[in-house]
Every structure is written in C-alpha cells, then in structure tokens.
Amino acid sequence: MNYNKPIYYWLLTGCTLIFVMVIIGGITRLTGSGLSIVRWDIVTGTLPPLNENDWNKSFELYKQTPQFQKINFDFSLDDFKNIFWWEYIHRLIGRIIGIVFIVPFFYFLSKGELKRKLIVKLIIIFLLGGAQGALGWYMVKSGLAYNPHVSHLRLAAHLLTAFLAFGYTFKTTLEIRTENLSVKKKIISYRFVLLSRTLFVLAVIQIVYGAFVAGLKAGLVYNTFPTMEGQWIPDGLFFTTPWWSDITDNTTTVQFIHRLLAYLVATGIIILLFMSRKQENALLKKSSHYLVAIVTLQLLLGISTLLTHVNIYLAVLHQAGAFFLFAAFIYHLHCLKMISDTEKIIST
C-alpha cells in the first residue's frame, strides 16, 4: 500500500498522546488533583518546583483555594506534592502534544509534503487542541473562586473537545492510510448507514453524560444494578425545574440517562452486527465486531465501577473504554464511507 508513512505515524503518535492525556486527566479528577496548580504559566510552568522554597510557594498558593480551605485543610506539604504531580503531568503532556504537532508540521510544510486539503485539516486539529487547552483552564478556574469543585458543564466541554480532537486526528490518520487503497464500491442499506450514524451520535451524548456523572459525583448516588436501589424508574427523576437544568444538574436524572444511553447504544450495536452480515463486506463485519467487543467490555466496566462505589482503577478503565468505543465508531464510519457507493444507497 502506497501512503505517506512519516505523516501517518506522526498523526498516529498525536492520537496516542491525546489518549494518554485523557486517561491522566481522568486520574487527576478522581484523585482531586485538578485544582492543585492555581496558575496557568504556559512557558514558566513547564518546570515543576525544583527546591523546597519553590514547593512552599506553590503550597501557599494552593492554601488560598476553596479546595484547601474547605476540604484539604489538614494537608501537609507531602500531601500537596501527591496531588500536584498528577496535574503537572497532565499539563506537561498537553505541552508535549503541542510540540509534537507544531514542529513536524512546519518540517513537513517546508518539505512540500502537505497537500492543501491536508493543511486545512491540520489547522482544524490545531484549533481543536488549542480550544481543549483553553477549556481546561476555564474549567479549573470554576473551582478556584468559591466552589471547591470544578463545573461539571465545563468538565464535559473540556472532555468532549479532547474526544473531538482525537476523533478528527484519527479520522485524518485513517484517510492517509487508505487514500491510495482501491476498494470496490458497494450498495449499502440506508437503514444500516442511518443506524451507524445515529449510534455514533448517541455514543457522543453518552460521553458527555459520563462527564456529567463524574463532575456531579452522580456515580455515588445509586450503586445497585440493574435497578436503582430497587427501582427501575427512581424517585426524584426529572424532579427539578426547569427541565433543561434537571437533565444536566440532577444527579438522579443524570445517572438514569447515562444508564439508559448505555442500554440503547449496546442494543443498537448488537442490531448493527446482525445487519452487517447482510452487507456482504468483510470491513463492515470486522468493524461491527470491534464495536460489539468494546461495548460489551465497556458495559462490564461501567457496572463494576458502579457496584464498587467508583473504584478509581475501574473508573479509569471505564473512561479508557469510552475512548476505545469512540475510536471504533470512527473506524466503522470510515469503513462505511470508504466502501459505500453514496449515489446508490438504497432503502432495504
């Protein structure tokens, strides 16, 4: 297969780093480390405290935050160091991603290896990465004023932008890998295409609700399965007004919707697998099998996380599972676009 391998591996490295950053971000949130660094110094913040005096200065700044004053008021300097390092590593990976993107970009540009269409896509990736970083600081600021917890809405926006940056980068990577691949076009069922796209949208909404659950600590409200403390439809559901506030701020409603979306996505993927057998295409069958395997694992991880009252290791694995499911959807939709004859998609 003839494709530009250096650019392919460059973007694949970017995808990997974004994945690592999201996982570290999950650990940072679960350990309560996200508010440990109160400044956003892009250049000078690259280095951690290098001596005891620097550590004491950073600790004094942290002492001024609501999180220290209301929650961690008994922290020693060693306790502070434990949460500092997770947030520091999280931010450091963000800086590394920026360098890994910008330096090779200008190198390939100077060598004339970037086509105009690819340059546009790379600029979009750069803007998504910048937006993700800016939203990260905007999120942290929400927990530095009065409330010792970050806004779950800002957390969701920060996480979603990371997923979008990864998804667009991964999609571009797949396009480079298969740009010269000759594939025979086929007529694909319209219902198969519609279900694939609908499930992808539902999966994205599910990711957003996963962020809501995390930000509101809604995973600690009901820790039974399959019912919610013996009820299929729990009390307190859609209890607050207005309704749009209820579906984003009510912990009972948020967990209920998160569970419901999980059932819908999993059921839809199983249906998709059976439908893929009628399409008579190996790529679609393979991508559908990937989706079934990952969503099954993701369901098991979600249930386990719930039953263990959000065990940190399971919670991190559950977030990683969401990332793999998202990537599998990107791959599935790429295969669908690659082999389908868009002018002859029919309803069957």
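Rules used in this analysis
- Residues numbered from 1 in each chain as written.
- Predicted model: local features only at pLDDT ≥ 70, side-chain atom pairs only at ≥ 80, totals over all residues.
- Heavy atoms only, no water.
- Helix = DSSP H or I, 4+ residues; strand = E, 2+ residues; numbered from the N terminus.
- Buried < 20%, exposed > 50% of the residue type's maximum accessible area, 1.4 Å probe, protein only.
- Contact = heavy atoms within 4.5 Å.
- Lys, Arg positive; Asp, Glu negative; His and termini not counted.
- Charge placed at Lys NZ, Arg CZ, Asp CG, Glu CD.
- Salt bridge = Lys/Arg side-chain N within 4 Å of Asp/Glu carboxyl O.
- Polar contact = N/O pair within 3.5 Å; in protein donor to acceptor, adjacent residues only side chain to side chain.
- Phe/Tyr/Trp six-rings, centres within 6.5 Å; stacked < 30°, edge-to-face > 60°.
- Lys NZ or Arg CZ within 6 Å of the ring centre and 35° of its normal.

Engineer: Can you walk me through the overall build of the chain in this structure?
Structural biologist: Scanning the chain for helices and strands turns up 11 helices and zero strands. Mapped in sequence order, the helices and strands of the chain form the string α-α-α-α-α-α-α-α-α-α-α. C-alpha extents for the chain along the principal axes are approximately 65 × 60 × 35 Å. The proportion of buried residues among the 348 residues of the chain is 47%. For the chain, the proportion of contacts with a sequence separation of at least 24, taken over those separated by at least 6, is 78%. For the chain, the separation between the mean place of its 31 positive charges and that of its 18 negative charges on side chains is 13 Å.

Engineer: Got a minute to help me understand unusual backbone geometry in this structure?
Structural biologist: When glycine is set aside, most residues are seen to have a negative phi, and most peptide bonds are trans. Cis geometry marks the peptide bond from Phe-225 to Pro-226, where omega comes out at 10 degrees. Despite not being glycine, His-309 shows a phi value in the positive range, around 55 degrees. Topologically, His-309 is positioned in the loop between helix H10 (282–307) and helix H11 (312–339). Overall, the relative accessible area of 49% leaves His-309 in the partly exposed class. In the Ramachandran plot, Val-310 falls in the positive-phi region, its phi being about 65 degrees despite a non-glycine side chain. Taking the relative accessible area as the measure of exposure, Val-310 reaches 28% and is therefore partly exposed.

Engineer: I'm lost on the side chain of Arg-259 in this one. Help?
Structural biologist: Here Arg-259 lies in helix H9 (residues 251–276). No salt bridge is formed by the buried Arg-259, whose closest oppositely charged neighbour, Glu-229, lies at an N-O distance of 7.3 Å. Here Thr-224 takes part through its backbone oxygen, which lies 2.7 Å from a polar atom of the side chain of Arg-259. Setting aside chain neighbours within four positions, we find Arg-259 in contact with Tyr-222, Thr-224, Phe-225, Pro-226, Thr-227, Met-228 and Leu-306.

Engineer: Explain the packing of aromatic side chains here, please?
Structural biologist: Two numbers describe a pair of aromatic rings. These are the distance of the centres and the angle of the planes. Tallied over the full model, the rule gives 29 aromatic pairs. Seen from their ring centres, Phe-166 and Phe-323 are 4.4 Å apart, and the 65 degrees between their planes marks the pair as edge-to-face. Of the two residues, Phe-166 sits in helix H6 (residues 152–178) while Phe-323 sits in helix H11, which places them 157 residues apart along the sequence. The class for Phe-166 is buried, based on a relative accessible area of 6%. On the basis of relative accessibility, which here comes to 2%, the residue Phe-323 falls in the buried class. Taking the centre distance of 5.1 Å and the plane angle of 75 degrees together, the rings of Tyr-209 and Phe-212 count as edge-to-face. Of this pair, Tyr-209 and Phe-212 both sit in helix H7 (residues 190–216), three residues apart, which is roughly one turn of that helix. No difference in accessibility class separates Tyr-209 from Phe-212, as the two residues are buried. Its guanidinium or amino end placed over the ring of Tyr-8, Arg-177 lies 5.7 Å from that ring's centre, counting from NZ or CZ.

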